[in-house]
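Summary of structural features
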Amino acid sequence: MTMERKKSKFLYDFLPGATFNHSETNLSGVITFLNPDYNEAGQEIGPDLPDQYILRRVKRHASKWENWNQIEFNPANVNIVQPGSANFEVFPRSFACSNCGTVNQFHYSDIQDYQGTAVECQRCGVPLRDHDQMRFAAVCSCGQLQDIYVPEHCGAGMSFREDSVELGDSYWRCTKQGCDHTEPFNAGGKCFNENCDRNDLKVLPHSASTTFYAQTQTLVNVRQDLDTLHTNDQYQVQIVSDYLLDEDQIGEPDPDEVMDLAMELRQSGEAQTNDEAREMAKKRLTVDVSGHRDTTAVLLDSQFEDREQVRLSEEIFEYLSVASDAYDEEGYIYSYTLQDLADGTTETHLKQDRLDEYIEYRNERKLSDVRLVKNFPITTVTYGYTRTSPEPDGTYGAGDDGSNDAVPPSLNLFRSGKWADVEIFAKTNDAEAVMLTLDQQAVFEWVEENFDIKFNIDDLERWYLTKVTDPGRFGKLDPETEPVSRAVFTLLHTYSHAVIEAIGALSGYGRESLVEHLLPRTLSTIIYKRADTDYSLGSIFTLFEEEFIDVMHQIEEAEYCTYDSICRSDHNCACEDCLFLSNITCANSNNNLSRSVLFGGPFDGKIIDGYL
């Protein structure tokens, strides 16, 4: 059976291997295949993306799973697809007859054309309806999804009985008249995957979040020339050099600055004529870009290994895509800063005193830049899925007391058939976004004051590039071996979550409607709205332009936690009640977070002052 949904839904929710509840009936199903998107002429719509760039980034991300070496991932046999519709099968295939109570289990071919009354109870012959479908499935961390085990007795069938909300209290009862035989409900069982020896099969509601985790990456301003980024050292150097240079330093110097400096040179007697003064001023104000590239190349060679240099250039490219017109080649991304509004370079209906107040609050919250972005091009790439945990080490959701076994899940790639090519699903959407950048000097002073670290720095931008690392989606930074990176990244990440909560409270967006994209070496976070979420009471763009002060005040709500004493003493001031966001929203799987870095308190075994 085929269904259509909002196209971007197929990148998160309706993916092969995921179960769902049909919107028009009570029927549940499992997605088996995604079809390409087609235009009105029936031609397949390709995603028009740099294949090699995407495959390299996916491979680096996917290689974190323990079974990666057993996965066949040949770039020549991988297709990048923009999905348009999905095929599905009825699942679970267990139906509890509302007449006699017998649980019936069917082969997929028996109910593939199920229309609500297409099959009958195998015991009493009454038609089975969609509301008779059971809600449970057996899930294994290897990726297997199967129907629950139904025991047999007397040949009459078994009914499922629930005496409480606890699944462990459920049991089976023979439906033969006069037979009182019962059996305890088995919440485990045998995995049908012939290559699996994990023995950790669990019975869960098929719609539980732990049954399916889509593994995705988000990329900014993906364009065809990025295929060369990973192999072109000069391109990597250019990107980093452009970031370290102010945009107005590249090219011809500003004529007004030339004139001002020329007048100073004439007055000091260094230049004898006006023409000589202008030439001297122009030369001094013109940056030797080629020389700067050479200096940057030396910096990168001495401080970064090849792979880390690539990751750095990727991150800086994404930052410049939003912050620099030179990296928006087609002039597609429309953005401006609060400073642009205050300086009058961008038109606004806001009065000057209001704008001056905005800048005051921005500085008070120790932000150097707040940029509002329309047409933010975000490419979502979904390359596989896991079950029971979204993280490679399987610790997501495991109890601190060790009560839940942390079984590393297997990564499963998408294929259209057992021997078919691997499929990666990708789509670029325009989003509205806000980019916030922390004040470099304020962060530096906060690190020195709180972590007993002293530095003699003459170039903060270069210092952050070499001292701050990006732990990726699942990384946890070690305060002993990476104290600066741990402190700075945790500060940026926590600030980002506090702003997301503030936006949600003031605009009506739900937690899963907003996504963060962290660029830690630039001290920046981009918060944008997911394209597949429709419900909205407001716009991020409008919210920050009209109610920026309210957003800044709302950040203070992140200081409080319902479970504050436990949160402070046992969880480093970060838990589900105060800072944690959904796995889709958070860029670092709720690692490296603490309210203490913003507001003060215990952090990594010491008491620190908060950044705010």
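Before reading on, note that the structure itself is shown above.
This write-up is about the structure you can find in this document. (Residues numbered from 1 in each chain as written. Predicted model: local features only at pLDDT ≥ 70, side-chain atom pairs only at ≥ 80, totals over all residues. Heavy atoms only, no water.)

What about the overall build of the protein chain?
Summing up its helical and strand segments, the protein chain has 15 helices and 22 strands in all. Buried residues in the protein chain amount to 52% of all 612 residues. Taking the contacts inside the protein chain whose residues are at least 6 apart along the sequence as the reference set, 70% of them involve residues at least 24 apart. As displayed, the protein chain has an accessible area near 28700 Å², and 42% of this comes from carbon and sulfur atoms. (Helix = DSSP H or I, 4+ residues; strand = E, 2+ residues; numbered from the N terminus. Buried < 20%, exposed > 50% of the residue type's maximum accessible area, 1.4 Å probe, protein only. Contact = heavy atoms within 4.5 Å. Areas by Shrake-Rupley, 256 points an atom, 1.4 Å probe, with all protein chains shown as cover.)

A look at helix 6 (residues 306-323)
For helix 6, spanning 18 residues, the distance from its first C-alpha to its last is 26 Å, which sits close to the expected 26 Å at 1.5 Å a residue. In terms of burial, helix 6 is largely enclosed, as 14 of its 18 residues are buried. (Expected span 1.5 Å × (residues − 1).)

Here we look at the packing of helix 2 (residues 233-244) against helix 6
Each packed pair of helices is defined by two parameters, the angle between the axes and the distance between the axes. Helix 6 packs onto helix 2 with a crossing angle of 50° between their chain directions and a minimal axis gap of 9 Å. Looking at the two axes, helix 2 sits oblique to helix 6. Here helix 2 runs over helix 6; the crossing is left-handed. Residues Asp233, Tyr235, Gln236, Ile239, Val240, Asp242 and Tyr243 of helix 2 touch helix 6, and the partners they reach there are Gln309, Val310, Leu312, Ser313, Ile316, Phe317, Tyr319 and Leu320. Looking at the contact of helix 2 with helix 6, its residues break down into 10 nonpolar, three polar and two charged. (Axes fitted to C-alpha atoms, helices over the stretch in contact; angles between N-to-C directions. Parallel < 35°, antiparallel > 145°, perpendicular 65-115°, else oblique. Left-handed = near helix turned anticlockwise from the far one by under 90°. Nonpolar A, V, L, I, M, F, W, Y, C, P; charged D, E, K, R; others polar.)

What about the state of the cysteines?
Taken as a whole and judged by the stated rule, the model has zero disulfides. With no disulfide partner, Cys573 has as its closest neighbouring cysteine sulfur the one in Cys567, 5.3 Å distant. According to the relative accessible area criterion, Cys573 is buried, its value standing at 1%. Between Cys578, a free cysteine, and Cys575, which holds the nearest cysteine sulfur, the sulfur-to-sulfur gap is 3.8 Å. (Disulfide = S-S within 2.5 Å.)

Quick word on the packing of aromatic side chains
The final tally for this structure, using the stated rule, is 29 aromatic pairs. An aromatic cluster of at least three residues, connected via ring pairs, comprises Trp446, Phe451, Tyr495, Phe603 and Tyr611. Sitting above the plane of the Tyr611 ring, Lys366 keeps its charged end 5.2 Å from the centroid. Between Lys374 and the ring centre of Phe541, over which it is positioned, the NZ or CZ distance is 4.7 Å. (Phe/Tyr/Trp six-rings, centres within 6.5 Å; stacked < 30°, edge-to-face > 60°. Lys NZ or Arg CZ within 6 Å of the ring centre and 35° of its normal.)

Some remarks on the pattern of salt bridges
According to the stated counting rule, one finds 19 salt bridges in the structure shown. Between Arg223 and Asp225 there is a salt bridge, with the nearest N and O atoms lying 2.9 Å from each other. The class for Asp225 is partly exposed, based on a relative accessible area of 30%. Here Asp275 makes a salt bridge to Arg278, at a shortest N to O gap of 2.4 Å. One end of the pair is Asp275 and the other is Arg278, both in helix 4 (residues 274-285) and three residues apart, which spans about a single turn. (Salt bridge = Lys/Arg side-chain N within 4 Å of Asp/Glu carboxyl O.)

With respect to the environment of Gly125
Structurally, the position occupied by Gly125 is in the loop between strand 7 (103-105) and strand 8 (136-139). Relative accessible area serves as the criterion here: at 31%, Gly125 is assigned to the partly exposed category. Each C-alpha atom, one on Gly125 and one on Val78, is 47 Å from the other, the two residues being 47 residues apart in sequence.

Some words on the sheet that holds strand 13 (residues 202-205)
Here we have three strands laid out as an open sheet, ordered 9-8-13, and antiparallel in their pairing. At either margin of the open sheet sits one strand with a lone partner, and together these are strand 9 (145-146) and strand 13. In the sheet, strand 8 pairs with strand 13 via four bridges, with the strands oriented antiparallel. Bridged to Val139 within strand 13 is Lys202. (Pairing = 2+ DSSP bridges.)

Focus: a negative patch on the surface
Taken together, Asp254, Asp256, Glu257, Asp260 and Glu264 make up a surface patch of like negative charges. Along the chain, Asp260 turns up in helix 3 (residues 255-268). (Patch = residues over 30% accessible without salt bridge, like charges linked within 9 Å, V, L, I, M, F, W, Y side chains within 5 Å. Lys, Arg positive; Asp, Glu negative; His and termini not counted. Charge placed at Lys NZ, Arg CZ, Asp CG, Glu CD.)

Describing the nonpolar core
The biggest cluster of nonpolar side chains holds 60 residues, and the ones touching the most others in it are Ile503 and Phe544. With 12 residues, the single largest contributor to this core is helix 11 (residues 483-507). Excluding anything up to four places from it in sequence, Phe544 contacts Leu338, Tyr358, Val370, Leu372, Val434, Leu436, Val499, Ile503 and Val551. By size, the runner-up hydrophobic cluster in this structure holds 55 residues, among which are Val220, Phe304, Tyr319 and Ala426. (Core = buried A, V, L, I, M, F, W, Y, C linked by side-chain atoms within 4.5 Å.)

Points about the environment of Ser63
With respect to the helices and strands, the residue Ser63 is situated in the loop between helix 1 (51-62) and strand 4 (78-81). The class of Ser63 is partly exposed, set by a relative accessible area of 34%. Here the alpha-carbon distance between Ser63 and Leu411, two residues 348 residues apart in the chain, equals 9.3 Å.

So, the sheet that holds strand 11 (residues 171-174)
Pairing within the open sheet is antiparallel, and its three strands lie in the order 10-11-12. Only two strands of the sheet have a single partner each, and these edge strands are strand 10 (158-161) and strand 12 (182-184). Adjacent strand axes in the sheet meet at a mean angle of 25° when their direction is disregarded. By the bridge criterion, three bridges tie strand 11 to strand 12 in an arrangement that is antiparallel. The residue of strand 12 that forms the bridge with Tyr171 is Pro184.

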